[in-house]
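Chain by chain, the residues:
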Amino acid sequence: MDIRQGRVSNPPSFRSATMMRFHVLTLFPEMFDSPLSVSIIARAQKQGLVEVNLHNIRDFTHNRHNTVDDYPFGGGPGMVMKPEPLFESVEHVRGSASLDESAPTVLMTPQGRRFDQRIAEDYSELSDIVIICGRYEGVDERVRQNLVTDELSIGDYVLGGGELAAMVVIDAVARLIPGVVGSAESPANDSYTTGLLQHPLYTRPSEYRGMEAPDVLLSGHHAEIAKWHRRETLRRTLERRPDLLESADLSNEDRRMLDELRAE
Ligand code: ADE
């Protein structure tokens, strides 16, 4: 696969029932090389559970200098991504016979709605997502109005472009696709999957430089361990993200523990 060629980078492939395909439109496809070539996401691609097709927006220009940006009408700082290459690249991708018509076209932009685990869960059920990586000051408004179905931000800060943000989305979504993460690494208990932060973790050695892992975790008492996990999950959330407790699914026992933790 040579993504520098742009266009469809992987040959048309057999698509399993649960395969998810990301179609990324970017001016810098090479930025995706390393993140996609290691660990869980690399394995998921090899297993045919995930496909990431990179398309170079510059390949859809027709002018001599392959210009993709221009000055903003009315003046102002920076450059604007021109509509033509974006319209053509999105049409190219969406026109592919195998692309699910209902697939969203997502623009990565600091102006978008804040990406979170719930959005990742929703996206993980789709078969295709088209992602546009914005650059410069932003994209021509006609792109937003006519092509884009969803705008996502990964946080309240401005990146040099949407590529890193797209990688964050791909990573978070891909690991929720059934089979991508083994049961031993199950995302079911991840922070945020449960709406709460994860409890502290310990591994061997049980004592390190005089610091001991909690006895209960070594006790083999499953019920006691589960109780400790829940309590520490609640403690951590209370300490760091009390706002999450407002929308979390809490049992009466959770509420009792929280009262105790607040009193501590
Ligand atoms: N592009 C630049 N900054 C971004 C952000 N915070 N989220 C998504 N896309 C971006």
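Now for a description of the structure that goes with this document. (Residues numbered from 1 in each chain as written. Predicted model: local features only at pLDDT ≥ 70, side-chain atom pairs only at ≥ 80, totals over all residues. Heavy atoms only, no water.)

**Describing the site of the ligand**
Near the ligand, the surroundings consist of 13 residues, among which Thr109, Ile154, Gly155, Tyr157 and Leu159 are the closest. In the model, a nitrogen atom of the ligand is placed 3.2 Å from a nitrogen or oxygen of the threonine 109 main chain. Between the ligand and glycine 155, the relevant distance is 3.1 Å, taken from a nitrogen atom to a main-chain nitrogen or oxygen of the residue. Its free accessible area being 260 Å², the ligand has 97% of it covered by the protein chains. At three residues, the largest contribution of residues to the shell around the ligand is made by strand S5 (residues 105–114). A per-class count over the shell around the ligand returns eight nonpolar, five polar and no charged. (Near = heavy atom within 4 Å. Polar contact = N/O pair within 3.5 Å; in protein donor to acceptor, adjacent residues only side chain to side chain. Areas by Shrake-Rupley, 256 points an atom, 1.4 Å probe, with all protein chains shown as cover. Helix = DSSP H or I, 4+ residues; strand = E, 2+ residues; numbered from the N terminus. Nonpolar A, V, L, I, M, F, W, Y, C, P; charged D, E, K, R; others polar.)

**Here's the deal with unusual backbone geometry**
The peptide bond linking arginine 204 to proline 205 adopts the cis configuration, its omega dihedral lying at 0 degrees. Relative to the helices and strands, proline 205 is located in the loop between helix H6 (163–174) and strand S9 (207–208). The phi angle at asparagine 66 is positive, at roughly 50 degrees, despite the residue not being glycine. Following the sequence through the fold, asparagine 66 ends up in the loop between strand S2 (50–56) and strand S3 (69–70). Located in the positive-phi region is tyrosine 136, a residue other than glycine, with phi close to 55 degrees. With respect to the secondary-structure elements, tyrosine 136 resides in the loop between strand S6 (128–133) and strand S7 (138–139).

**Overview of the sheet that holds S7**
Reading across from one edge, S3-S4-S7 is the order of the three strands in this open sheet, with mixed pairing throughout. Each having just a single partner strand, S3 and S7 make up the two edges of the open sheet. Direction of pairing for strand S4 (residues 80–81) relative to S7: parallel, over a ladder of two bridges. Each bridged residue has a counterpart across the sheet, and for valine 80 the counterpart in S7 is glycine 138. (Pairing = 2+ DSSP bridges.)

**Concerning the nonpolar core**
Of all hydrophobic cores here, the largest spans 33 residues; its most connected members are Phe22, Phe32, Val50 and Ile170. When residues in this core are grouped by element, the largest group, eight residues, is from H6. When near neighbours in sequence (up to four residues on either side) are disregarded, valine 50 contacts Met19, Met20, Phe22, Ile41, Ala44, Gln45, Ala174, Ile177 and Val180. In terms of nonpolar packing, the next biggest core, distinct from the first, is built from 17 residues, Ile57, Val68, Val90 and Val143 among them. (Core = buried A, V, L, I, M, F, W, Y, C linked by side-chain atoms within 4.5 Å. Buried < 20%, exposed > 50% of the residue type's maximum accessible area, 1.4 Å probe, protein only. Contact = heavy atoms within 4.5 Å.)

**What about the environment of valine 181?**
Considering the arrangement of structural elements, one finds valine 181 in the loop between H6 and S9. Residue classification places valine 181 among the buried residues on the basis of a relative accessible area of 10%. Here the alpha-carbon distance between valine 181 and phenylalanine 87, two residues 94 residues apart in the chain, equals 35 Å.

Scope: geometric values only; no functional claims are made or implied.
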